[in-house]
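Take a look at the letters that make up each chain.
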Amino acid sequence: MAAGGAEEQEQRQLGRLSALSVYRWAAGDGRLERRRRRGTPLLAGGKRAKARPRRRGAGSGGLETEAPPPPRTAAVSPSRAERAKEQPRRGGAGGSGPETETPPHPLPLVPAPASRVERAKEQPRRGGTGSGDPETTPPSPLASAAPPSRLEGAEAPAGRPEAKRRGEDGGGVTELLLRLGRLEDSRQRAAELFRWLVAPVPPAEFLGRHWERAPLLVRRGDPRYYAGLFSTVDFDAALRGGEVHFGTHLDVTSYAEGVRETHNPSGRALPAVVWDFYQNGCSLRLLCPQAFSPAVWHFLSILQEHFGSMAGANTYLTPPGTQGFAPHYDDIEAFVLQLEGKKHWRVYSPRTDAEVLPQFSSANLTQAELGEPMLETVLEAGDLLYFPRGFIHQGNCLPDAHSLHITVSSYQRNSWGDLLEKLLPAALQMALEEDVEYRQGLPMDCLRYMGVTNSDTVDARRTAFVEKVQSLIKKLIDYAPIDAAVDQRAKSFLHDCLPPVLTQSEKAQSVYGFPARWQGGGPRDVDILMTKDTEVRLLRHGIIRLCNEEAGVMLYYTTENSRVYHKEEPKFLEIDPEYTDGIEFLLSSYPNHVSVNSLPCETLEDKISLATLLFEKGILTTKKPLVQV
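Remember, it's a predicted structure, so these values are computed and weren't measured experimentally. (Residues numbered from 1 in each chain as written. Predicted model: local features only at pLDDT ≥ 70, side-chain atom pairs only at ≥ 80, totals over all residues. Heavy atoms only, no water.)

A.B. asks: Please set out the overall build of the chain residue by residue, giving values where relevant.
C.D. replies: In terms of regular secondary structure, the chain is built from 17 helices and 20 strands. The buried share of the chain, reckoned over its 629 residues, is 51%. Here the contacts in the chain between residues at least 6 apart in sequence split such that 81% fall between residues at least 24 apart. With the model as given, the accessible surface of the chain reaches about 28700 Å², and the carbon-plus-sulfur share is 53%. (Helix = DSSP H or I, 4+ residues; strand = E, 2+ residues; numbered from the N terminus. Buried < 20%, exposed > 50% of the residue type's maximum accessible area, 1.4 Å probe, protein only. Contact = heavy atoms within 4.5 Å. Areas by Shrake-Rupley, 256 points an atom, 1.4 Å probe, with all protein chains shown as cover.)

A.B. asks: How would you summarise the side chain of Thr-377 if you had to cite specific residues and measurements?
C.D. replies: As for its placement among the helices and strands, Thr-377 is situated in strand E9 (residues 375-380). You can call Thr-377 buried: its relative accessible area is 0%.

A.B. asks: Kindly report on unusual backbone geometry, identifying the contributing residues and their values.
C.D. replies: Backbone geometry follows two general trends: most residues other than glycine have a negative phi, and most peptide bonds adopt the trans configuration. The amide bond that connects Ala-199 to the next residue, Pro-200, takes the cis arrangement and shows omega of 10°. Following the sequence through the fold, Pro-200 ends up in the loop between helix H6 (186-198) and helix H7 (203-209). With an omega of 10°, the peptide bond running from Tyr-590 to Pro-591 counts as cis. With respect to the helices and strands, Pro-591 occurs in the loop between helix H16 (580-589) and strand E19 (594-595).

A.B. asks: Tell me what's going on with the sheet that holds strand E17 (residues 552-557), and back it up with residues and numbers.
C.D. replies: With respect to topology, 3 strands assemble into an open sheet ordered E16-E17-E18, the strand pairing being antiparallel. With one partner strand each, in any of the chains shown, strand E16 (544-549) and strand E18 (571-575) form the two edges of the open sheet. The sheet shows a mean angle of 30° between the axes of neighbouring strands, direction not considered. Judged from the 5 bridges that link them, E17 and E18 form a sheet pairing that is antiparallel. What sits directly across from Leu-555, in E18, is Leu-573. Packed onto the sheet, helix H14 (residues 482-496) meets E16 and E17 and runs at close to 135° relative to E16. (Pairing = 2+ DSSP bridges. Axes fitted to C-alpha atoms, helices over the stretch in contact; angles between N-to-C directions.)

A.B. asks: Give a detailed account of empty space enclosed by the protein, specifying residues and quantitative values.
C.D. replies: For the structure on display, the rule yields 1 cavity of 30 Å³ or more. In this model, the largest cavity occupies a volume close to 80 Å³. Its residues assigned to classes, the lining of the largest cavity comprises 5 nonpolar, 5 polar and 4 charged. (1 Å grid on protein atoms, 1.4 Å probe; cavity = no way out; pocket = protein on both sides within 12 Å on 5 of 7 lines; lining within 4 Å. Points joined across faces, edges and corners; volume = space filled by probe spheres on them. Nonpolar A, V, L, I, M, F, W, Y, C, P; charged D, E, K, R; others polar.)

A.B. asks: Account for the environment of Glu-616, with residues named and values stated.
C.D. replies: Structurally, Glu-616 can be placed in helix H17 (residues 604-616). Distance in space between the C-alpha atoms of Glu-616 and Ser-510 is 8.3 Å, their sequence separation being 106 residues. Setting aside residues no more than four positions away along its own chain, Glu-616 makes contact with Val-511 and Ile-528.

A.B. asks: Tell me about the pattern of salt bridges, and name the residues and values.
C.D. replies: Pairing between side chains of opposite charge can happen when their charged atoms approach one another. Applying the stated criterion to the full structure yields 27 salt bridges. For Lys-342, the salt bridge identified is with Asp-400, shortest N-O distance 3.0 Å. With Lys-342 in strand E8 (residues 333-348) and Asp-400 in the loop between strand E11 (392-396) and strand E12 (403-410), the pair connects residues that are 58 residues apart, well separated along the chain. Among the residues examined, Asp-400 registers a relative accessible area of 38% and is labelled partly exposed. The closest approach of N and O atoms between Glu-506 and Arg-540, which form a salt bridge, is 2.8 Å. Separated by 34 residues along the polypeptide, Glu-506 in helix H15 (residues 504-508) and Arg-540 in the loop between strand E15 (535-538) and E16 bring together distant segments of the chain. Residue classification places Glu-506 among the buried residues on the basis of a relative accessible area of 5%. Each member of the salt-bridge network shares a partner with another, and the members are Asp-435, Glu-437, Lys-468 and Lys-475. (Salt bridge = Lys/Arg side-chain N within 4 Å of Asp/Glu carboxyl O.)

A.B. asks: I'd like a description of the sheet that holds E19, backed by residues and values.
C.D. replies: In any sheet, the strands associate via hydrogen bonds between backbone groups, in a parallel or an antiparallel arrangement. With antiparallel pairing, the 3 strands of this open sheet are ordered in space as E19-E15-E20. Where the open sheet ends on each side, the last strands, each with one partner, are E19 and strand E20 (620-622). The pairing of E15 with E19 spans 2 bridges and is antiparallel. Residue pairing across strands places Glu-535 opposite Ser-595, the latter belonging to E19.

A.B. asks: Lay out the packing of aromatic side chains with the relevant residues and their values.
C.D. replies: Summed over the entire model, instances satisfying the criterion amount to 25 aromatic pairs. Considering the side-chain rings of Phe-206 and Trp-211, the 6.3 Å spacing of their centres and the 55° angle between planes classify their relative orientation as tilted. Neither residue differs from the other here; Phe-206 and Trp-211 are each classed as buried. Arranged with centres 5.9 Å apart and planes meeting at 90°, the rings of Trp-275 and Tyr-278 form a pair that is edge-to-face. Of this pair, Trp-275 and Tyr-278 both sit in helix H9 (residues 271-279), 3 residues apart, which is roughly one turn of the helix. Accessibility classification places Trp-275 together with Tyr-278 in one group, the buried group. Aromatic rings pair up to connect Phe-194, Phe-206, Trp-211, Phe-307, Phe-335, Tyr-386 and Tyr-411 into one cluster. The ring of Tyr-225 has Arg-220 lying over it, and the distance from NZ or CZ to the ring centre is 4.0 Å. (Phe/Tyr/Trp six-rings, centres within 6.5 Å; stacked < 30°, edge-to-face > 60°. Lys NZ or Arg CZ within 6 Å of the ring centre and 35° of its normal.)

A.B. asks: Which residues make up the pairing of E8, and what are the values?
C.D. replies: Among the 16 residues in E8, 15 count as buried, and that is most of the element. The sheet contact formed by E8 and E12 spans 8 bridges and is antiparallel. Bridged to Val-336 within E12 is Thr-407. Sheet topology places E8 next to strand E10 (residues 384-387); 4 bridges connect them, and they run antiparallel. When the sheet's bridge partners are listed, Val-336 is paired in E10 with Leu-385. As defined by bridge partners, E8 adjoins E9 across 6 bridges and the pair is classed as antiparallel. Paired with Arg-346 across the strands is Glu-376, a residue of E9. One ladder, built from 5 bridges, connects E8 with E11; its direction is antiparallel. Bridge pairing links Arg-346 to Gln-394 in E11.

Geometric descriptors of this kind do not, in isolation, establish any biological role.
Here you go:
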């Protein structure tokens, strides 16, 4: 009986706990006790975010109506800042990997709030972002007021007309994507999207003054510049879709008293639990939003062709007056697009030469390690902040508004050094196979005069040994398969890529709109009837890559990739060598259509076979639909 009573009491206590408190309770008494000794609870309270109907299917267009931004939380914990971790979650080395974290530390103990039912009884029902005055607590000194912009980089003035235009003819991202879809050349689409991203700064100026060099702040004075890209309504819809899982797709984070913590339960991220974390002061990071948002997918699938390197994204939703991430630097080029609300940012120059354009992200840093920021500003909806890899950054919400931003990232592990990591071993292997000088033995007595112990010894044998090594290294360049190494990087890039998003006309002229179906008791319109007069072209310029490998000639392509990073294995076709000229002809002819008969293959049968194969994989489109329905 006593045991049963204790169990009932425990259940009643759990009923009064928020999701954050339940997470801490499950982590163990020792964790909570350590946090009690630290003091300063993470206060609870606030309003729930407004729900939205289920998100649209992939490829749909049209601007959705956004709900008003989520209301401020009822209480604000002191001095929290957000660490915006830009890189998309990746599955292993070489990708936009997960952030580098120090092991979790205990959070301040949360006073057990009333259960959801009890809270409903104690306060009026809040309809979406409805009325009701929140409680107030003294704001933290850091977030007490929006500081003036402190900038050593460049700032694009909001007063310039270009800064206020929404993609030339209005409509935000939705209209922009429709306009880009009318351009025939995918390379031109990518260049135009990048120009829009950094506007009003000309792309050439951005690349010359800022890319990999210095931050850029663009104030546009247009809250709807990014309209249609992603919103809190879309965030809520992703949760209600039922496919978001903690850790895999969503991180729940906090940063208080210099301690950065992740509070991910296991399993599916259900709205009731996620929004309870949010109203208790936790930040929400949605990893891979392109898997849940057709607009983000479309946006990144175009932009990746401009970079020639994977374009990834994370979205960050932060409650008012809080901070979700510690200061750190990243290994990607970061474009922070402020979608809703506002956020206070501080950016710091790399502290040492070793931190300039680093290969890997940093661990969480302390405030004492930072010094003075070289840029300090408050981003508002429509603004852009770019900073290169290696620039330390942190962001926190002010007390009067939530923040939703998306960080678009690229150029992870895409440096000259990364190329050489692949190239030099291949060059050495070829040299060993082809040049006997690389296979000759070392001098028998070299251990007597070489090595650190002998580094200060003056010996003619040492001089001759060093000169021999230098000579072999210089000669190695003659064996370097530079083009093959670049092809292998391109192969990896195509595996990283998002699949293309098709316009309605592209769909009608590709296998994706082919009208094969079951009708009248059997399949109809199944045959793909290519003729010598059928006019074809590549769907996109950047969707294929020919690689000459040991196993044969491989054609890698992106049309069957997943929206989730590396969910699928690399997609490729083994191509007969006589078909390579035809594929190169299609690449050089793009974006023009060419007749099947003009493909440089030996026979008409080969020409039709190649065109049919590429059409079936979604790589080729026709000038007119093959079957009129």
